[in-house]
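Structure assessment
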Amino acid sequence: GNSVTQMEGPVTLSEEAFLTINCTYTATGYPSLFWYVQYPGEGLQLLLKATKADDKGSNKGFEATYRKETTSFHLEKGSVQVSDSAVYFCALSGGNNAGNMLTFGGGTRLMVKP
Amino acid sequence: GAVVSQHPSRVICKSGTSVKIECRSLDFQATTMFWYRQFPKKSLMLMATSNEGSKATYEQGVEKDKFLINHASLTLSTLTVTSAHPEDSSFYICSARGQGYNEQFFGPGTRLTVL
């Protein structure tokens, strides 16, 4: 079945540092890939998505490129802010099985210090 | 964009009581709603999927008699935790998906604390 693996946190960075959160997936076919963000005490918000190979999703300075050859969807941001502190979840849906159900990675906590 | 609300946002109850959590899609018709459970510092675990007007499909290991799900209309699904115990304390999150759409829209979550 589908699975998502992302780097364990917490990731602690200083403001304006470069961010990478790794995410790799296992799925057959052509799944859609997502990054969700969860701020403290809140539900999940869709941050960005990509629906086919080589697509780049971007939002609020964050980017991720759907790499089918490496089955990866790493999240990057060139200059993080304190307000980016949150938990980030990589997820996928679709492919050859599991319909449109979302499969989540374990989440990565990001802490940005001023 | 599509908005999903949950009520209540926080609830504290005594052991043995039942608690109902509501999930509403505010500006679209949700043909499918999902209920997730999230343990502290952990990822989301899908509990069940409900389609409007039919019985919910529960994931393996989720007790359907304990977590009652009702999806009576295209804008409302409820999760009732029956005879709650401290181990049921958790963050419960719902999401909703409209007909013909792949994307799920998430509610803000409900934190349940059972004393």
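Structure: see above.
Here's a quick rundown of the structure.

**A look at the interface of chain A and chain B**
Counting residues at the interface gives 16 residues for chain A, matched by 19 residues for chain B. Put simply, chain A and chain B have 1 salt bridge between them. The partner of Lys49(A) in a salt bridge is Glu103(B), with the nearest N and O atoms 3.4 Å apart. In this structure, the connection of chain A to chain B is made through 4 residue pairs in polar contact (both at pLDDT 80 or more). Counting only elements with at least two residues in the side of chain A that touches chain B, the list comes to strand 5 (31-38), strand 6 (44-50) and strand 11 (102-104) of chain A. Among the elements that take part in the side of chain A that touches chain B, strand 6 of chain A stands out by supplying 3 residues, more than any other.

**Some words on the packing of aromatic side chains**
A full pass over the atoms with the stated rule returns 11 aromatic pairs over all chains. Geometrically, the ring pair formed by Tyr36(B) and Phe106(B) is tilted, given 5.7 Å between the ring centres and 40° between the ring planes. Linking Tyr36(B) in strand 4 (residues 30-38) with Phe106(B) in strand 10 (residues 105-106), this pair joins segments that are 70 residues apart in sequence. Owing to a relative accessible area of 10%, Phe106(B) belongs among the buried residues under this scheme. Taken together, the ring pairs in this structure connect Phe34(A), Tyr36(A), Phe89(A), Phe104(A), Tyr36(B) and Phe106(B) into an aromatic cluster.

**Here we look at the nonpolar core**
Formed by 26 residues in total, the largest nonpolar core has its most connected members in Leu19(A), Trp35(A), Leu47(A), Leu48(A), Phe73(A), Leu75(A) and Tyr88(A). Among the elements of the structure, strand 2 (11-14), strand 3 (19-21), strand 4 (23-26), strand 5, strand 6, strand 8 (62-65), strand 10 (86-94) and strand 12 (108-113) of chain A are those that each provide at least two residues to this core. The biggest single contributor to this core is strand 10 of chain A, with 4 residues. Here Tyr88(A) is in contact with Gln6(A), Ile21(A), Trp35(A), Tyr36(A), Val37(A), Leu47(A), Phe62(A), Leu75(A), Gly107(A), Thr108(A) and Leu110(A), once residues within four sequence places are set aside. Counting residues in hydrophobic clusters, the runner-up holds 24 residues, among them Phe67(B), Tyr92(B), Ala96(B) and Leu112(B).

**A look at the sheet that holds strand 3 of chain A**
Residues and elements named next belong to chain A. Taken together, 4 strands build an open sheet; the order of strands is 3-9-8-7 and the sheet is antiparallel. What marks the edges here is a single partner per strand, and that holds for strand 3 and strand 7 (56-59). Taking each pair of neighbouring strands and ignoring which way they run, the sheet shows an average axis angle of 15°.

**Examining the pattern of salt bridges**
Residue and element names in this part refer to chain A. If you walk through the whole model with that rule in mind, you get 6 salt bridges over all chains. Residues Lys52 and Asp55 are paired through a salt bridge, measuring 3.4 Å at the closest nitrogen-oxygen approach. Accessibility expressed as a relative area gives 21% for Asp55, which makes it partly exposed. Among the salt bridges present, the one from Lys77 reaches Asp84, with a minimum N-O distance of 2.8 Å. Since its relative accessible area comes to 10%, Lys77 is described here as buried. When its relative accessible area of 7% is taken as the criterion, Asp84 is described as buried.

**Details of the sheet that holds strand 1 (residues 4-7) of chain B**
Residue and element names in this part refer to chain B. Within the open sheet, the 4 strands sit side by side as 1-3-8-7. Their pairing is antiparallel. Each having just a single partner strand, strand 1 and strand 7 (67-73) make up the two edges of the open sheet. Neighbour-to-neighbour, the strand axes of the sheet open up by a mean angle of 15°, direction not taken into account. Two strands pair when backbone bridges link them, and strand 7 and strand 8 (residues 76-81) are joined in this way by 5 bridges, in the antiparallel orientation.

Each value, and the rule that gives it
Residues numbered from 1 in each chain as written. Chains lettered and ligands numbered in written order. Predicted model: local features only at pLDDT ≥ 70, side-chain atom pairs only at ≥ 80, totals over all residues. Heavy atoms only, no water. Contact = heavy atoms within 4.5 Å. Salt bridge = Lys/Arg side-chain N within 4 Å of Asp/Glu carboxyl O. Polar contact = N/O pair within 3.5 Å; in protein donor to acceptor, adjacent residues only side chain to side chain. Helix = DSSP H or I, 4+ residues; strand = E, 2+ residues; numbered from the N terminus. Phe/Tyr/Trp six-rings, centres within 6.5 Å; stacked < 30°, edge-to-face > 60°. Buried < 20%, exposed > 50% of the residue type's maximum accessible area, 1.4 Å probe, protein only. Core = buried A, V, L, I, M, F, W, Y, C linked by side-chain atoms within 4.5 Å. Pairing = 2+ DSSP bridges. Axes fitted to C-alpha atoms, helices over the stretch in contact; angles between N-to-C directions.

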